[in-house]
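Structural overview for review
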Amino acid sequence: MPMLGSLRRLALTPSFTEVTFAARGFPVRATDATRRLEAIPQAVLCGFEWAIEARAPWEVERRLELVEAEQRGFAYEGAAMAYTVRDAMAGGRGHRARDLLRGPGRPHTFLTYIGIGFAMARLPRILWRNVLPDLSGVPYYPTMSWLAVDGYGFDRAYFETDRWVTEQRRPAPYPWQGRADYFPRAVDQGIGRALWFIHGGVAPDVATAVGRFATERQADLWSGVGLAATFAGGSDAHGLTVLRGAAGDALPHLAQGAVFAAKARDFAGFVPPHTELATGLLTGLTVPAAATLADDVAADGFGSGADPDYEIWRQRVGSRVASQLRGTPS
C-alpha cells in the first residue's frame, strides 16, 4: 500500500460508521429502506478508498465493476471524488479524473460530476479552478457540470447539517462556469437531495424540512428531493404519493428532479424498480419517456438566455412535465 495514498485516505475519508444516519444524528428510524439509503454513502466511500491510494487505474476499475449494478454509480462517484483530490494535489497536472470520466465512468457521468463536488468540499477554493476536467465530446458536457456544485451542497448538508440545514447558511458565490449568481441555487439543489437522506425518505418529514427554508429557496430544494427520491429510492408508493401531494405548487420542480434522475439511471443502463415507481408517480411518465423528454427539450440548444444552460434545461423539463401532470391523477 503506497504510503502517500494511505495518508490521503486517513486524512480525508470518514469511516463507514461516521456516514450512518445514527452517527450523523439524523432523526431516522432504522428500517430496511433506510438501511438501503445508508448503503449509498458507504458505496461512495468504497469507491473513494479504492481510488485514493491505488497506483493502477485498472485495479480501481475492476473493483468498481464488481459492485452491484444499483450501487455501482455511487462507487464511481467516490472514485471521481478521489481522483479529483489527487489531481488537485498534483497541482492541476493530473488527469485521473479526466480519464475516468472519459472512460469507464462515462455511463455514470451524472454521478461522477457529483463526486467532483464532494472533492470540492474538501479542497480550498483556490484549487477549484482546475477540478473540472476537459470532457469535450462527452455527452452533456459542460451543461451538466452544475451537478458538481449540487454535490458540494449535498456534502455540506450531510456532514455539516447544523450549519447548512438547521441554520440555513448560504455559501459565498463562486463563478462556476462564469456564473457566481447561480452557484447558491445549485448548492440548494444538493441540499434538497441531502434532506431526503437526513429524513430517511419519510415524505412528511422531508416536506416539513423544505418548508422551513425561505420561500425563494424551496423550488430548488424540491428539485433535489425529486432527484434523490427517484434515483436513490427509500420510499414506497404511498410515501411517494404523499410526497407528491406535499409538494403542492412546487410539484413541477419535484418532477423535474425526478426526470433528471430517470435520465441518469437510463443513461447508466440500469434502472432499479424504485426508479420506475418514483418516475411514474412523480412525473406520470415511464423512465424511457422521461429520459426522452430530457433530451428532447435540449435538442435545439439553449440560445443565449439570461440563465445558465443548465437552468434553462431544468425550466424546460419542469414546464413540459407540468403539462403532462395536468392530465395525471394525484
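Okay, so let's go over this structure. Fair warning: this is a prediction, and the values are worked out from it, not measured in the lab. (Residues numbered from 1 in each chain as written. Predicted model: local features only at pLDDT ≥ 70, side-chain atom pairs only at ≥ 80, totals over all residues. Heavy atoms only, no water.)

**A closer look at the packing of helix α11 (residues 203-211) against helix α12 (residues 218-231)**
Contact geometry of α11 with α12 gives a least axis separation of 10 Å together with a crossing angle of 155 degrees. As judged from the angle between their axes, α11 and α12 are roughly antiparallel. Regarding α11 and α12, the two cross each other, and that crossing is right-handed. Contacts between α11 and α12 involve Val206, Ala207, Val210 and Gly211 from the former and Gln218, Leu221, Trp222 and Val225 from the latter. In the contact of α11 with α12, the residues fall into six nonpolar, two polar and no charged. (Axes fitted to C-alpha atoms, helices over the stretch in contact; angles between N-to-C directions. Helix = DSSP H or I, 4+ residues; strand = E, 2+ residues; numbered from the N terminus. Parallel < 35°, antiparallel > 145°, perpendicular 65-115°, else oblique. Left-handed = near helix turned anticlockwise from the far one by under 90°. Contact = heavy atoms within 4.5 Å. Nonpolar A, V, L, I, M, F, W, Y, C, P; charged D, E, K, R; others polar.)

**Details of helix α16 (residues 287-296)**
Those residues of α16 lying buried are Val287, Ala290, Ala291, Leu293 and Ala294. In a view along the axis of α16, the buried residues occupy a sector of 155 degrees, so they form one face of it. Those residues of α16 that are buried lie in contact with α14 (251-268), α15 (273-283) and α17 (309-325). The backbone nitrogen of alanine 289 lies 3.1 Å from a side-chain oxygen of the residue at the head of α16, namely threonine 286. (Buried < 20%, exposed > 50% of the residue type's maximum accessible area, 1.4 Å probe, protein only. Arc of directions from axis to C-beta. Polar contact = N/O pair within 3.5 Å; in protein donor to acceptor, adjacent residues only side chain to side chain.)

**Brief notes about the environment of arginine 102**
Examined against the element boundaries, arginine 102 turns out to sit in helix α6 (residues 96-102). Given the relative accessible area of 35%, arginine 102 is considered partly exposed. Separated by 15 residues in the primary sequence, arginine 102 and aspartate 87 have C-alpha atoms spaced 15 Å apart. Once residues lying within four places of it in the same chain are set aside, the contact partners of arginine 102 are Asp134, Leu135, Ser136 and Val138. From its side chain, arginine 102 meets the backbone oxygen of serine 136 in a polar contact 3.1 Å long.

**As for empty space enclosed by the protein**
Per the counting criterion, the structure on display carries three cavities of 30 Å³ or more. For the largest cavity, the lining is made up of 26 residues, of which Pro41, Val44, Glu77, Phe118 and Phe154 are closest to its centre. When residues of the lining of the largest cavity are assigned to their parent elements, the largest contribution, five residues, is made by helix α3 (residues 32-53). When its residues are assigned to classes, the lining of the largest cavity shows 21 nonpolar, one polar and four charged. In this structure, the second largest cavity spans a volume of roughly 70 Å³. (1 Å grid on protein atoms, 1.4 Å probe; cavity = no way out; pocket = protein on both sides within 12 Å on 5 of 7 lines; lining within 4 Å. Points joined across faces, edges and corners; volume = space filled by probe spheres on them.)

**Overview of the layout of surface pockets**
Of the pockets and cavities examined, the largest pocket occupies roughly 240 Å³. Looking at the largest pocket, it is lined by 18 residues, and the ones nearest its centre are Arg29, Gly200, Gly201, Val202 and Ala203. Among the elements of the structure, α3, α11 and α13 (237-247) are those that each provide at least two residues to the lining of the largest pocket. The class makeup of the residues in the lining of the largest pocket is seven nonpolar, nine polar and two charged.

**Observations regarding the packing of α12 against α14**
The relative placement of two packed helices comes down to the angle between their axes together with the axis-to-axis distance. Where α12 contacts α14, the two axes come as close as 6 Å, and the packing angle between them is 40 degrees. Considering the angle they form, α12 stands oblique to α14. Along this stretch, α12 crosses α14, giving a crossing that reads as right-handed. Facing α12, whose interface residues are Ala219, Trp222, Ser223, Val225, Gly226, Leu227, Thr230 and Phe231, α14 presents His253, Leu254, Gln256, Gly257, Ala258, Phe260, Ala261, Ala262, Ala264 and Arg265. Its residues placed into classes, the contact of α12 with α14 shows eleven nonpolar, six polar and one charged.

**Topic: the packing of aromatic side chains**
A full pass over the atoms with the stated rule returns 20 aromatic pairs. Geometrically, the ring pair formed by phenylalanine 26 and tyrosine 158 is edge-to-face, given 5.1 Å between the ring centres and 90 degrees between the ring planes. Of this pair, phenylalanine 26 sits in the loop between α2 (21-24) and α3 while tyrosine 158 sits in helix α8 (residues 146-159), placing them 132 residues apart in sequence. Per residue, the accessibility class of phenylalanine 26 equals that of tyrosine 158, and both read buried. (Phe/Tyr/Trp six-rings, centres within 6.5 Å; stacked < 30°, edge-to-face > 60°.)

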